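One letter stands for each residue in the lines below.
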Amino acid sequence: MEMAAELRPSARGELEITDINNRYLREGRLSVRRMGRGFVWLDTGTHGSLHDAAEFVRVMQTRTGQMVGCLEEVAYRMGFIGAETLLRLAHGLSGTHYADYLLGLAAEAGD
């Protein structure tokens, strides 16, 4: 948190994650892992790149039928929450596409 507070905007007028990475590198505290298939980095620093990222997510969700960044699904699939909790969370969002998606995940458990 302290590092982020010390950042100054770049020439593009943005706070850059690269500045944090470089500081960790200089301090010998940077560790790197290669991301496998299914991971993507989307720059959202401009209106255009934010629009591009949103379109990418929309297309991926539409084509795969899976939500991007659904924390409830991750928690459920990793065993942090059960189907009962997933149902409770879905009912708290009733009437939304997101709730329908969670209900579908819970229904899979009953199959």
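Residues numbered from 1 in each chain as written. Predicted model: local features only at pLDDT ≥ 70, side-chain atom pairs only at ≥ 80, totals over all residues. Heavy atoms only, no water.

Enquirer: How would you sum up the domain arrangement of the chain? Please name residues and give values.
Expert: A common measure of how large an interface is: the accessible area buried when the components associate. According to the domain assignment, the chain consists of domain 1 (1-53) and domain 2 (66-110). Averaged C-alpha coordinates put domain 1 and domain 2 at centres separated by 30 Å. (Domains from an automatic or database assignment.)

Enquirer: So what about the pattern of salt bridges? Which residues, and what values?
Expert: The full count for this structure, using the stated rule, is eight salt bridges. We note a salt bridge from Glu27 to Arg29, for which the minimum N-O separation is 2.9 Å. Here Glu27 falls in the partly exposed class, since its relative accessible area comes to 37%. With a shortest N-O distance of 3.5 Å, Arg77 and Glu108 are connected by a salt bridge. Of this pair, Arg77 sits in helix 4 (residues 71-77) while Glu108 sits in helix 6 (residues 97-110), placing them 31 residues apart in sequence. Taken together, the shared-partner salt bridges in this structure form one network comprising Glu6, Arg23, Glu27 and Arg29. (Salt bridge = Lys/Arg side-chain N within 4 Å of Asp/Glu carboxyl O. Buried < 20%, exposed > 50% of the residue type's maximum accessible area, 1.4 Å probe, protein only. Helix = DSSP H or I, 4+ residues; strand = E, 2+ residues; numbered from the N terminus.)

Enquirer: Tell me about the UniProt feature "domain: Nucleotidyl transferase" (unreviewed entry) in the chain, and please be specific about residues and values.
Expert: When the UniProt feature table is mapped to this numbering, "domain: Nucleotidyl transferase" (unreviewed entry) covers residues 4-57. A helix fraction of 44% and a strand fraction of 0% characterise residues 4-57, whose end C-alpha atoms lie 27 Å from each other. (UniProt positions renumbered as here; feature names shortened; annotations may be inferred.)

Enquirer: Hey, could you go over the nonpolar core for me, with residue numbers and the actual values?
Expert: Within the largest apolar cluster, nine residues are counted, these being Met67, Cys70, Tyr76, Leu86, Ala90, Tyr101, Leu102, Leu105 and Ala106. Elements represented by at least two residues in this core include exactly helix 5 (83-91) and helix 6. The greatest single-element share of this core, amounting to four residues, is contributed by helix 6. Once residues within four sequence positions are removed from consideration, Ala90 is found in contact with Ala99, Leu102 and Leu103. (Core = buried A, V, L, I, M, F, W, Y, C linked by side-chain atoms within 4.5 Å. Contact = heavy atoms within 4.5 Å.)

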